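Fold and contact review
Here's the letter readout for the chains.
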Amino acid sequence: MLDDEEVKMAREMFALAQRLSGSEAVLARRAGQRIAVILNDLLFENDPLGGLPAGEAIEGRQR
Amino acid sequence: MRPAERRFVNPRLERASREEIDAIQLARLHRIVTVAYHRNRFYRALYDKAGVTPDQIRTLDDFRKRIPFIDKSTFLKDQEDCPPLGARAEANQDRIAAIVQTSGTSGVGQEYHCLAEADAELWVTSFFYECRWAGIEPGDRVVRFTRIGMEAGGLWHKAAGERYGLTQFALQPYDTPTRLKIMQRVSPNLIMTQPSYLTRLVFACEEAGIVPREAFPQVKAIMLAGEAHGGAEWVRHMEATWGAPIMEWFGSTQAGGSHMFSCEGGLYFDDGRPRMLHNLDHRIYFEALDVETGEPVGPGEYGEALLTNLFNENFPVIRFRSRDRVRFLPAGYCDCGRPFHGIESGSVSRVDDMIKIRGQNVWPSAIDAAVFQHLQVEEYQGRVWLDETGRERVDLRVEFRSGAGGKAERGAMLDAIASAIKARTDISMVCQEAEAGSLPRFDQKSRRWKDERREGRAGLAGQREDRPLHA
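Just so we're clear, the structure is a prediction, and the values are computed from it rather than from any experiment.

Here the focus is the overall build of chain B. A tally of regular secondary structure across chain B gives 14 helices and 20 strands. For chain B, the spread of C-alpha atoms along the principal axes amounts to about 70 × 55 × 40 Å. Counting all 471 residues of chain B, 47% fall into the buried class. Long-range contacts, defined here as pairs at least 24 residues apart, represent 70% of the contacts in chain B between residues at least 6 apart.

Structural data, given as structure tokens:
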């Protein structure tokens, strides 16, 4: 579905969105969270075996 | 109709081998059971009681044999014991992005289901498959008639349409003549509705002197769900009337939305055999089990659909008994070649007695309660049917005990019953008195309801064959 370059790009954007979702500004935080969710879905669809990319160890808390 | 080309959403998955799909499912099942076991009090109690731990799930067979099922009553009890959302939602309440409610308005009850933001995203992007397979593209115009409230259906249509990029016209608030006027104005590419209402629209068109395929020439597809359609003849007639293929979808609120869809080939093969709805196997694990034995049914056999959401880790739904009776068809049945299992088009009915009337789930037990609260009532019979204009009608014949008041008093009771039913179900029913001794009695399970809509649709289609709507 995604080629290697697109996967790389999506992961980088996902990392950036996660950083933005830590912002103190509500608009920036929500934008980061929303984009992270969309990219999370894209990465899951691309690799269902890999699971949700934001997932932590099961014993911890899923993000 | 034969699919001339495949329209993929995810070519890698849609061209994967069945073995690859099985591997995805097993890995995801193991993950979801493990998450539920470690993080969710509701599932931990359930699995402790069943004596099962995640490390015992090594095969799909292990999953089926060891993991206990849950059903609507399980959710309801959980939410009753731990209001309002249940222990299942307890650990992740800060992640709730959306709440939906099951559409049943009576009887057994309605439960809430929670979606985290990620779940909502996956929930709506399943719709991409339905659209692509039906030939619907971003920018296309859709009309739909679903109520947008707490129920999943309306919310799903709206959110999914927005994400896919459809231009949406939500016509639920208007009466049928107004809807037709708006449809003429916007010239839809897609119509999403129930089979009964599609029939109703055809007759409303006729009354208004509208020829559907001429008045709505840009319709690319009609998507149906919510009840069984009228069979091959009905589908053929509707496709000719609208000049567009009929597609079908299936899902449930509990499982996380809609997840089985017709592919490019539509509902029937050229030889008249029904095609299948393909399950998104990488998102929802679907089992069709024999209700008596709990064993998987074979290809072409009927069973109850059990559903497991493979991605909802915050509010898991694992082995949910849908009570939907379906005819199982394996990957490979359809000539589209997709590796997804599924069900026969038009085969969905309810394992229990729930009846879907005008889009509402109505349980006979709710009607029983409204009728039998009058002690003078001996028995009743209900009938759902289509009138000559294709409108859904519900009649109730009520038999009183001998000596149950005078005519005026019985008439007042019938009015009171109709009002109580309307209040419980939001459905208007015509209540009439039946002669003493005229209705059947039941020693064991009662059979008080007759659903004559399928025959009605087939009959109406036949009538129209004799007198075409569009010469």
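A few words on the overall build of chain A. A tally of regular secondary structure across chain A gives two helices and zero strands. Residue pairs at least 24 apart in sequence account for 32% of intrachain contacts in chain A once pairs closer than 6 positions are excluded.

To continue, consider helix α6 (residues 117-134) of chain B. All names here are of chain B. The end-to-end C-alpha distance of α6, which contains 18 residues, comes to 27 Å, matching closely the 26 Å that a straight helix rising 1.5 Å per residue would cover. With 16 of its 18 residues buried, α6 lies for the most part within the structure. Immediately beyond the C-terminal end of α6, within one or two residues, lies G135, with a positive phi of roughly 85 degrees.

With that settled, consider the packing of helix α8 (residues 176-186) of chain B against helix α9 (residues 195-207) of chain B. All names here are of chain B. As a packed pair, α8 and α9 sit with axes 10 Å apart at the nearest point and diverge in direction by 80 degrees. Between α8 and α9, the angle falls in the class roughly perpendicular. Along its contact with α8, which presents T176, P177 and L180, the element α9 presents R200, L201, A204 and C205. In the contact of α8 with α9, the residues fall into five nonpolar, one polar and one charged.

Attention now goes to the nonpolar core. Residues and elements named next belong to chain B. Grouped together as the largest cluster of nonpolar side chains are 108 residues, with contacts concentrated most on V33, A221, I222, M223 and I343. Setting aside residues up to four positions removed in sequence, I222 forms contacts with I191, L198, W242, A244, I246 and M247. V362, V371, F400 and I421 belong to the second largest nonpolar core, which has 21 residues in total.

What follows deals with the packing of helix α2 (residues 26-46) of chain A against α6 of chain B. Packing of α2 of chain A against α6 of chain B brings their axes to within 9 Å, and their N-to-C directions diverge by 50 degrees. The angle between the axes of α2 of chain A and α6 of chain B places the two elements in the oblique class. Relative to α6 of chain B, the crossing made by α2 of chain A is right-handed. Residues Q33, V37, I38, N40 and D41 of chain A of α2 of chain A touch α6 of chain B, and the partners they reach there are E117, A118, E121, L122 and T125 of chain B.

All names here are of chain B. Pairing is mixed in the open sheet, where four strands are placed in the order β19-β18-β17-β20. Two strands lie at the open edges of the sheet, namely β19 (430-433) and β20 (449-451), each paired on one side alone. The mean inter-strand angle of the sheet, taken between neighbouring strand axes irrespective of direction, is 15 degrees. Looking at chain direction, strand β17 (residues 377-386) and β20 are connected through three bridges and run parallel. Its bridge partner lying in β20, V384 is registered against D451. Against the sheet, helix α13 (residues 407-425) touches β18 (392-400) and β19, its axis set at about 155 degrees to β19.

The domain boundaries assigned to chain B delineate domain 1 (11-16 + 88-352) and domain 2 (360-461). Averaged C-alpha coordinates put domain 1 of chain B and domain 2 of chain B at centres separated by 30 Å.

Let us look at unusual backbone geometry. Note: most residues except glycine have negative phi, and most peptide bonds are trans. All names here are of chain B. Residue P84 is reached from P83 by a cis peptide bond, and omega for that bond is -5 degrees. Relative to the helices and strands, P84 resides in the loop between α5 (72-81) and β1 (96-101). A positive phi angle, close to 65 degrees, is found at R323, a residue other than glycine. The class of R323 is partly exposed, set by 18 C-beta atoms lying within 10 Å. Although it is not a glycine, D426 adopts a positive phi angle of roughly 70 degrees. Position of D426 relative to the elements: it lies in the loop between α13 and β19. Judged by local crowding, D426 falls into the partly exposed class, with 14 C-beta atoms found within 10 Å.

All names here are of chain B. The alternating pattern of β18 places E392, V394, L396, V398 and F400 on a buried face and R393, D395, R397 and E399 on a face that is not buried. By the bridge criterion, nine bridges tie β17 to β18 in an arrangement that is antiparallel. Directly across from Y380, in β18, lies its bridge partner V398. Here β17 hands over to β18 after five residues, with G390 in that stretch at a positive phi of 85 degrees. Bridge analysis of β18 against β19 gives four bridges, and the strand direction is parallel. Following the sheet pairing, D395 is matched in β19 by V430. For the crossover from β18 across α13 to β19, the handedness is right-handed.

Another aspect to go through is the pairing of strand β4 (residues 167-170) of chain B. All names here are of chain B. Bridging between strand β3 (residues 141-144) and β4 involves four bridges; their strand directions are parallel. Each residue of the ladder has a partner; that of R144, found in β4, is A170. Remark: the β3/helix α7 (residues 152-164)/β4 crossover connection has right-handed handedness.

Residue and element names in this part refer to chain B. Assignment of secondary structure puts F42 in helix α3 (residues 41-50). Taking the number of C-beta atoms within 10 Å as the measure of exposure, F42 has 22 and is therefore buried. Taking the C-alpha atoms as reference points, F42 and G86, 44 residues apart in sequence, are found 8.1 Å from one another. In this structure, F42 is in contact with D78, G86, A87 and R88, ignoring residues within four places of it in sequence.

Scoring rules and cut-offs
Residues numbered from 1 in each chain as written. Chains lettered and ligands numbered in written order. Predicted model: local features only at pLDDT ≥ 70, side-chain atom pairs only at ≥ 80, totals over all residues. Helix = DSSP H or I, 4+ residues; strand = E, 2+ residues; numbered from the N terminus. Buried ≥ 20, exposed ≤ 12 C-beta atoms within 10 Å, placed from the backbone. Contact = placed C-beta atoms within 7 Å. Expected span 1.5 Å × (residues − 1). Axes fitted to C-alpha atoms, helices over the stretch in contact; angles between N-to-C directions. Parallel < 35°, antiparallel > 145°, perpendicular 65-115°, else oblique. Nonpolar A, V, L, I, M, F, W, Y, C, P; charged D, E, K, R; others polar. Core = buried A, V, L, I, M, F, W, Y, C linked by C-beta atoms within 7 Å. Left-handed = near helix turned anticlockwise from the far one by under 90°. Pairing = 2+ DSSP bridges. Domains from an automatic or database assignment. Right-handed = clockwise from strand over helix to strand, strands pointing away.

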